[in-house]
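# Structure assessment
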Amino acid sequence: MDIQHLNAVNSFKVFALSDAEFKTYGRIVEGYDFSQLLDYMEENTSIPEQGNVYVPSVPEMEAAEICPLVKNILYGGMDIQIGYCNGRNSTFNGFEYHKGSEINIAVTDFCLCLGHSWDIQDNTYDVENVQVFFVPKGTAIEMYQTTLHLSPCKTSDTGFKGIVILPKGTNTPLPIQSKDSVGVDKEGKLLLQKNKWVIAHPEREPLIKQGAVAGVIGPNKEVKY
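Residues numbered from 1 in each chain as written. Predicted model: local features only at pLDDT ≥ 70, side-chain atom pairs only at ≥ 80, totals over all residues. Heavy atoms only, no water.

Its boundaries defined by the atoms lining it, the largest pocket holds a volume of some 530 Å³. Sorting the residues of the lining of the largest pocket by element identifies β3 (52–55), β6 (102–106), β12 (160–167) and α5 (205–210) as the ones contributing at least two each. The class makeup of the residues in the lining of the largest pocket is 11 nonpolar, 10 polar and 4 charged. (1 Å grid on protein atoms, 1.4 Å probe; cavity = no way out; pocket = protein on both sides within 12 Å on 5 of 7 lines; lining within 4 Å. Points joined across faces, edges and corners; volume = space filled by probe spheres on them. Helix = DSSP H or I, 4+ residues; strand = E, 2+ residues; numbered from the N terminus. Nonpolar A, V, L, I, M, F, W, Y, C, P; charged D, E, K, R; others polar.)

Structure below.
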């Protein structure tokens, strides 16, 4: 897939990671050998026939030789988890953010639909603020903690595969339902899982059923390919 084709078939612009627009969302990560992780993904994971599969932590991936460097350099000594997201998603659906950067490594080509957390107003977010970026196979990126994102979008019929690195415990069940506490602020209403704040599109029923706030305004756009 090439970015020229994506721009030809979509009504919105698809940006390259090298474009200046990406600078406020993240950066390309270079200098790290992620080949063991990529090999594991190719040999041991599959793309579901429908929907997505997300696994926050895979011990075999966390045992790769590169992991101490990721922990001690990229994350400054904080504990991390390494997992993956594979699937066939093609729509925006909603957005999440974390307190801490997320590393994505593209095992296949995919697109990411990104926004800024500071554009959330009264727990609503307008999809017109979203910018879409093409992430080529083999590319590693860091997304900053203020970057809204969710599942990648596929750029082929076969779907997508992506490695996901996050602070340890992210996207796991909350120990208590702290978002229901008395006196919590507006942001607290978006807390869905540990270190995971989510704002969903009203059409994304699985997220709504999990308790996500249905605050995304506008059409649930689709990335065409």
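Below, the discussion takes up the pattern of salt bridges. Two side chains with opposite charge may pair up if their charged atoms get near one another. By the definition in use, this model includes 6 salt bridges. With a closest N to O distance of 3.1 Å, D79 and K71 form a salt bridge. (Salt bridge = Lys/Arg side-chain N within 4 Å of Asp/Glu carboxyl O.)

The subject of this paragraph is the sheet that holds β12. Overall, antiparallel pairing links the 6 strands, which are arranged β2-β10-β6-β12-β4-β3 in an open sheet. The sheet terminates laterally at β2 (26–28) and β3, the two strands that pair on one side only. Each strand of the sheet is rotated relative to its neighbour by a mean of 20°, with strand direction disregarded. As paired strands, β3 and strand β4 (residues 80–87) are joined by 4 bridges and run antiparallel to one another. When the sheet's bridge partners are listed, V53 is paired in β4 with N86. Along the sheet face, helix α2 (residues 35–44) touches β4, β6 and β12 and points at about 130° away from the line of β12. Against the sheet, helix α4 (residues 67–74) engages β2, β4, β6 and β12, with an angle of about 110° to β4. (Pairing = 2+ DSSP bridges. Axes fitted to C-alpha atoms, helices over the stretch in contact; angles between N-to-C directions. Contact = heavy atoms within 4.5 Å.)

Quick look at empty space enclosed by the protein now. Throughout the structure, instances matching the rule amount to 1 cavity of 30 Å³ or more. Of the voids in this model, the largest cavity is the one considered here, and its volume is about 40 Å³. Lining the largest cavity are F92, G94, F95, L112, C113, H149, L150 and S151. Put simply, the parts of the chain that give the lining of the largest cavity at least two residues each are β5 (94–97) and β7 (110–116). Classifying every residue of the lining of the largest cavity by side-chain character gives 5 nonpolar, 3 polar and no charged.

Moving on, we come to the state of the cysteines. On inspection of all chains with the given rule, the structure shows 0 disulfides. With no disulfide of its own, C85 lies 10 Å from the sulfur of C153, the closest cysteine sulfur. Judged by its relative accessible area of 11%, C85 falls in the buried class. C153 provides the cysteine sulfur closest to C111, a residue in no disulfide bond, and the two sulfurs are 6.9 Å apart. Taking the relative accessible area as the measure of exposure, C111 reaches 0% and is therefore buried. (Disulfide = S-S within 2.5 Å. Buried < 20%, exposed > 50% of the residue type's maximum accessible area, 1.4 Å probe, protein only.)

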